[in-house]
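Structural overview for review
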Amino acid sequence: MSLLNTTSQVKIKKIRVGRGIGSGKGKTCGRGVKGQKSRSGVAIKSFEGGQMPLYRRLPKRGFNSIKKINIAKINLSNIQIFIDNKVIKPEEKINLKSLIKVGILKNSDLKFKILGTGEVKTKIDIEADFSSKSAKEKIEKAGGIVTLKNNK
């Protein structure tokens with residue numbers, strides 16, 4: 001006896017196991033005879049019949065720290081290119097928020113570091129979380145200021 005549902009799907013009658021020989025699912029209820037799989041509450045997860053399971057065949061790789069903080073790294077050469085292309089204004093203070101606003105850094109970057117590769121020709125004011133010694137020297141040589149935040 002099947003009834004049509006309101007969503008026009010056929011409702012199939014549930015098979016009631018263990019209700020006598022005539023039902024076709026009586027006595028052992030379709031579980032075979034004896035053994036681990038015939039018992040209730042037993043599931044053999046990821047068992048592949050004695051074959052080495054997939055999770056043991058694949059190599060264990062990597063580690064993802066839950067405390068990881070994304071630190072963006074920017075070279076002085078890149079900063080100079082952005083100034084030349086008028087993406088960054090050298091008279092304004094360059095910090096994490098301003099770099100995210102212009103689209104140089106992503107929102108997922110929580111801190112940023114200035115690296116000393118390249119040269120800076122213009123006077124700039126940078127507020128960063130970290131800075132290499134060479135980058136700080138080159139910016140100050142060009143007449144700029146490097147402000148480092150207190151990191152904890």
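Our subject is the structure listed above.
Anyway, here's the lowdown on the structure attached to this text. (Residues numbered from 1 in each chain as written. Predicted model: local features only at pLDDT ≥ 70, side-chain atom pairs only at ≥ 80, totals over all residues. Heavy atoms only, no water.)

Here the focus is the overall build of the protein chain. Across its full length, the protein chain holds four helices and eight strands. Mapped in sequence order, the helices and strands of the protein chain form the string β-β-α-β-α-β-α-β-β-β-α-β. Relative to its length of 152 residues, the protein chain is extended, with a C-alpha radius of gyration of 33 Å against a globular reference of 15 Å. Reported as C-alpha extents along the three principal axes, the dimensions of the protein chain are approximately 95 × 45 × 25 Å. For the protein chain, the share of sequence-separated contacts (at least 6 apart) that also reach a separation of at least 24 residues comes to 38%. Counting only carbon and sulfur atoms, one obtains 53% of the accessible surface of the protein chain, whose full area is about 12,500 Å². Counting 35 positive and 11 negative side-chain charges, the protein chain places the centres of these two groups 28 Å from one another. (Helix = DSSP H or I, 4+ residues; strand = E, 2+ residues; numbered from the N terminus. Rg over C-alpha atoms; globule rule 2.2 N^0.38 Å. Contact = heavy atoms within 4.5 Å. Areas by Shrake-Rupley, 256 points an atom, 1.4 Å probe, with all protein chains shown as cover. Lys, Arg positive; Asp, Glu negative; His and termini not counted. Charge placed at Lys NZ, Arg CZ, Asp CG, Glu CD.)

Let us look at the pattern of salt bridges. Scanning the model with the defined rule gives three salt bridges in all. Notably, a salt bridge pairs Glu-48 with Arg-57, separated by 3.2 Å at the nearest N-O pair. The shortest N-O distance in the salt bridge between Lys-138 and Glu-119 comes to 3.8 Å. Taken together, the positions of Lys-138 in helix α4 (residues 133-141) and Glu-119 in the loop between β5 (111-115) and β6 (125-128) put the pair 19 residues apart, joining distant regions of the chain. Accessibility expressed as a relative area gives 49% for Glu-119, which makes it partly exposed. (Salt bridge = Lys/Arg side-chain N within 4 Å of Asp/Glu carboxyl O. Buried < 20%, exposed > 50% of the residue type's maximum accessible area, 1.4 Å probe, protein only.)

This part takes up the nonpolar core. Across soluble globular proteins, nonpolar side chains have a tendency to be buried as a group. Counting 19 residues, the largest nonpolar core has Ile-79, Phe-112, Ile-114, Ile-124 and Ile-126 as its most contacted members. Every element with two or more residues in this core is listed here: β3 (71-75), α2 (76-84), α3 (96-102), β5, β6 and α4. No other element matches the three residues that α2 contributes to this core. Here Ile-124 is in contact with Ile-79, Ile-83, Pro-90, Ile-94, Ile-139, Gly-144 and Ile-145, once residues within four sequence places are set aside. (Core = buried A, V, L, I, M, F, W, Y, C linked by side-chain atoms within 4.5 Å.)

What follows deals with the sheet that holds strand β4 (residues 93-94). Either a parallel or an antiparallel arrangement is found when strands of a sheet pair, and the pairing is made through backbone hydrogen bonds. The three strands are arranged β4-β6-β8 in an open sheet whose pairing can be described as parallel. For this open sheet the edge positions go to β4 and β8 (145-148), each flanked by a neighbour on one side alone. Two elements, β6 and β8, share four bridges in a ladder whose sense is parallel. Within the sheet, the bridge partner assigned to Ile-126 lies in β8 and is Val-146. (Pairing = 2+ DSSP bridges.)

Moving on: the pairing of β5. Here β3 pairs with β5 via five bridges, running parallel. Considered in β5, the bridge of Ile-74 is made with Ile-114.

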